[in-house]
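Fold and contact review
Each chain is listed here by its residues.
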Amino acid sequence: MIDFQNPYGLILLFFIPLFFLLRKIGILKKITFTAVLSDWNGKTYEWKGKIYQILSISSRILTVLGFILCVFAFADPVISEQKKIYTSLGTDIVFVVDCSPSMAAKDLNNESRLEASKDSIFFLLQQSEGCRFGLVALGSNASVEVPVTSDLDFFVQQVENISVGQLGNGSAIGDGVSTAVCHLASSKAPRKCIVLLTDGENNAGEIHPETAAKLAVDNDISIYVVGIGSKGTVPIDYVDPITGKKYAGYLDSNFNASSLKKIAEIGGGHYYETKTINELNDVLSSVILIESTVQSYVYEIKTVKLYKKVLFLSILFFLIVFFIRYFVLKETKLLKYKKKLLFREILSFFSFLFIVLAYLGISWGTYVTPVLKSGNSVAMVFDISYSMLANDGPENVSRLEAASVYAKKMLTRMNDVNISVVAAKGEGIIAIPLTQDYSLIESLLDVISPELMTMPGTSLGKGILKAKESLQKANNTAGQIWVFTDGEETDGELQTSLELCAKDGIPVVLIGFGNEKPSKTLAGDGKTMIETSLRQKELELVIAKTVEKQKIYRRNAEIFYINSQERASASKVLANLKNEDKDNVFTMYESKPVERFKFFLLIALCLFSLGFILTEGNLKKERKDKDKKNTNKNTFSSIMIKFFVYSTFILQLFTGCSSETYNILQGTQYFKQKKYHNSSICFLEAVDNSARKQNQEVLPYALYNLGTSYAMLAEEDAALEKYNQVLLMQGISQELQYSVYYNLGVMCFKNGDFQGASENFKQAIKIDNTKTDAKINMEMSMQMIQTKTRQNESKINPAGHNPNAQNDTEEKIFKHIKENDKKQWKNAEMSQKQNHANDY
């Protein structure tokens, strides 16, 4: 939906009918051209009949359209999108996908079972707002492809990459389920579930599926099993990704559903059989409905400005008009009005120039806007170039090993922080997306080495930019970047990347490892010896330049360097994390550049209008009284300028907040545009003005509107204070009382206080029992109270439960899974040494 950020600018459209009205009553007189003209600088001018007449009319129409488009651009048209930003966790779902060769069978709408599974997962993503997803692939063993993450782009990419046969020919269902449990167990989401997509029975692996299912139940994880495909003879066609050999033929499909049902039964979920893609989509949709949970959220309004597109059309129209008038109609050759036309065209030229400047989007200055954040995110960038293998770390360990130990110790002191891991060498790659699965991060840090990437060189800048990209996937959290490095780089892009982070308000910490004294180590070819050292002075110089540049952007993003061997260095880095309030929400302030296109457009519109008014206003009829005529000629311009100034003054007076009533009107306009910060300012002025003038009719409505704006900004304590002030006032209308209690109920419901929500909705019903919204919401609140009670009861351990035996089994399985994770990371490393030495 198209909206206008500056709707009062549309008032300028009234100048068009006013202009034609002034022509009509004779104050302005249109410059006219005769049909046959001679003496055009000694040349004969030939009027080409209807063609020129049509071109003349077209140029006038395009001129008016160009002016209208400029006014529309001045009104700042935008397309607004309302997006939910969840401030609490929802459901965590891990898909365990069978990648054994039988999943290549094509019996689901002529698609292979694996491709159908992928399509259904993508279908589910579109209707599961607020959930986080993970992916485990299973074959002869199991592999974590994606930890539980909110980075859906990364998740989709990894789902697309899984292929039939990538993990061998078996189906280690027990290993797959237990791997998913291991990486879901530490999640603090209120609901956790595993969706197993398979077409066979367990025939590989070291963990029995029923053991894995019991492990899931012990960790409050539900298991849903989906049997895919039909029974009988089905065609199969795939290429083994390991050997490259192509297989084609027919498969005798006859899996045992009873074992799969048993897994679902023990896991507290359901078993489904699907033979078509539609059935598979329906099944996954039902899982989402079953596992859905209540989440608190706020709305984020994203606006896309359209003024540049509008101005582009305006510029195009004016260029066409210029071509018609100067090169076709040749209006400037008219001797009688040449001076006046020249004056008009000079003003028109400068008007066009200012329109172009507006189109260029020139900006200066900044403004501060509040941004709601929920939780912290950290992107860890590890320099894995060969210089990091120099053994000058604590106790003569390598720099990379020291960085790994340092990061793992920091993980133990972090709580509920989303972390992504980026490996930086000649390029930057996201090894692990934003997740709270610290066990997977630790497994990577245990085996991290330069062999994870083949790209030679060292580009800290590209690693930082990739980290910045990963943080943008969770823009509702307060993100920062930590770089573990010795400062060696080969492309000099570090300062550029730091400046980009500073411009976007992202804090960056460079953590130095190694010694400033040179050490020797081998390059990537395994032969060339290189000297390397910690480039602390270079890093500090780059940061100093970036901080100086940061003043231009007026950002408060902290960018600093710290040596890892400095005392309490980790505490200083961790202190940079934002403290959350009791509602897991905090407000940050971001500065944004002020676009000045309205300023340039206002000048352009003034010059354009004056060009016509001043030239046409001086074309008065011949009067018998010569003195009167001269007087008119000398004073008309000043009269029109005064008229223009007074009109502008009236316009500004009309658009200003001059009274409490108009404060509320303008605040309401901002509220409808989802500009809650601006609306709160206007409502606050209305409250102050009403209190000062003791206007008891307007004051309660101003307080109510201010409280509602605060609620939309998640400033709930302030909103509650304003609502209570309204309820304490005497003589307020029942409609206003109903609205206050209703909004209080909504606030309580969003925060999980269902008892408080029920009480407030009940008060609203007592005031006005004809409205159904409060009744429906009260029933929902009562249902949530009952659901919460049942969930608390289900957490009580049953009789005969032996927690020690459970913990021993769980510990052994989780240890096995973590060792398998390390093997997977090892397998990702290059098996042969890289034949290059240009890392230094």
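Looking now at the side chain of Asp76. With respect to the element layout, Asp76 can be found in the loop between α2 (49-74) and β4 (77-86). Exposure remark for Asp76: the relative accessible area of 3% places this residue in the buried category. Within the structure, Asp76 has its side chain in polar contact with the side chain of Lys305 (distance 2.9 Å).

This part is about the nonpolar core. Counting residues in hydrophobic clusters, the biggest one holds 71 residues, and the most contacted among them are Met380, Phe382, Met414, Trp482 and Phe484. A total of seven residues in this core trace back to one element, the largest contributor, which is helix α11 (residues 399-411). In this view, Met380 contacts Ala407, Leu411, Met414, Ile419, Ser420, Val421, Val422, Trp482 and Phe484; residues no more than four positions away in its chain are not counted. Counting 64 residues, the second largest nonpolar core, distinct from the first, contains Cys193, Leu284, Val508 and Tyr561.

Another aspect to go through is unusual backbone geometry. Residue Asp76 is not a glycine yet carries a positive backbone phi of 60°. Phi is positive for Asp220, which is not a glycine, with a value near 60°. Its location among the elements puts Asp220 in the loop between α6 (209-218) and β11 (221-228). Given the relative accessible area of 54%, Asp220 is considered exposed.

To locate leftover empty space, one rolls a probe as large as a water molecule over the atoms. Tallying each qualifying case throughout the model produces four cavities of 30 Å³ or more. If you add up the space inside the largest cavity, you get close to 50 Å³. Lining the largest cavity, in full, are Asp92, Arg132, Val148, His183, Ser186, Ser187, Thr435, Gln436 and Asp437. Its residues assigned to classes, the lining of the largest cavity comprises one nonpolar, five polar and three charged.

Here we take up the environment of Ser80. By secondary structure assignment, the location of Ser80 is in strand β4. The sequence separation of Ser80 and Asp3 amounts to 77 residues, and the corresponding C-alpha distance is 7.2 Å.

Bridging between strand β12 (residues 232-239) and strand β13 (residues 246-253) involves eight bridges; their strand directions are antiparallel. The residue bridging Asp237 from the neighbouring strand is Ala248, located in β13. Counting the residues in the hairpin turn of β12 and β13 gives six residues, including Gly244, whose phi is positive at 80°.

Each pair of packed helices gets described by two things: the angle between the helix axes and the distance between those axes. Here helix α13 (residues 460-471) crosses helix α14 (residues 494-503) at 25°, and the two axes come no closer than 7 Å. When the axes of α13 and α14 are compared, the pair comes out roughly parallel. Along this stretch, α13 crosses α14, giving a crossing that reads as left-handed. The residues of α14 that touch α13, namely those facing Leu460, Gly461, Ile464, Leu465 and Lys468, are Leu494, Ser497, Leu498, Leu500 and Cys501. Partitioning the contact of α13 with α14 into residue classes produces seven nonpolar, two polar and one charged.

Time to look at the pairing of strand β9 (residues 142-149). For β9, the buried fraction is high: seven of the eight residues fall into the buried class. What sits between strand β8 (residues 132-138) and β9 in their antiparallel hairpin is a turn of three residues.

All right, on to α11 then. For an α-helix the count is 3.6 residues per turn, leaving residues at separations of three or four pointing the same way. Between its first and last C-alpha, α11 extends 18 Å over 13 residues, near the 18 Å set by a 1.5 Å rise per residue. Inspection of α11 places Arg399, Leu400, Ala402, Ala403, Ser404, Tyr406, Ala407, Met410 and Leu411 among the buried residues, and these make up the whole buried set.

Further remarks concern the pattern of salt bridges. In the structure shown here, the tally under the stated rule is 15 salt bridges. Put simply, Arg113 and Asp107 hold a salt bridge, and the shortest N to O gap is 2.8 Å. Each member of the pair, Arg113 together with Asp107, is buried. Where Lys466 meets Glu469, a salt bridge forms, and the shortest distance between an N and an O atom there is 3.5 Å.

Here a ring pair, both rings aromatic, is described through the centre-centre distance and the interplanar angle of the planes. Within the structure shown, the criterion is met by 25 aromatic pairs. Ring centres of Phe19 and Phe20 lie 5.6 Å apart, and the angle between their planes is 75°; on these two criteria the pair is classed as edge-to-face. Between Tyr704 and Tyr723, the ring centres sit 5.9 Å apart and the planes meet at 40°, which makes this aromatic pair tilted. Here the residue Tyr704 occupies a position in helix α21 (residues 699-712), and Tyr723 occupies one in helix α22 (residues 716-728), the gap between them amounting to 19 residues. Among the aromatic residues, ring-to-ring pairing joins Phe19, Phe20, Phe67, Phe318, Phe608 and Phe612 into one connected group.

Cut-offs applied
- Residues numbered from 1 in each chain as written.
- Predicted model: local features only at pLDDT ≥ 70, side-chain atom pairs only at ≥ 80, totals over all residues.
- Heavy atoms only, no water.
- Helix = DSSP H or I, 4+ residues; strand = E, 2+ residues; numbered from the N terminus.
- Buried < 20%, exposed > 50% of the residue type's maximum accessible area, 1.4 Å probe, protein only.
- Polar contact = N/O pair within 3.5 Å; in protein donor to acceptor, adjacent residues only side chain to side chain.
- Core = buried A, V, L, I, M, F, W, Y, C linked by side-chain atoms within 4.5 Å.
- Contact = heavy atoms within 4.5 Å.
- 1 Å grid on protein atoms, 1.4 Å probe; cavity = no way out; pocket = protein on both sides within 12 Å on 5 of 7 lines; lining within 4 Å.
- Points joined across faces, edges and corners; volume = space filled by probe spheres on them.
- Nonpolar A, V, L, I, M, F, W, Y, C, P; charged D, E, K, R; others polar.
- Pairing = 2+ DSSP bridges.
- Axes fitted to C-alpha atoms, helices over the stretch in contact; angles between N-to-C directions.
- Parallel < 35°, antiparallel > 145°, perpendicular 65-115°, else oblique.
- Left-handed = near helix turned anticlockwise from the far one by under 90°.
- Expected span 1.5 Å × (residues − 1).
- Salt bridge = Lys/Arg side-chain N within 4 Å of Asp/Glu carboxyl O.
- Phe/Tyr/Trp six-rings, centres within 6.5 Å; stacked < 30°, edge-to-face > 60°.

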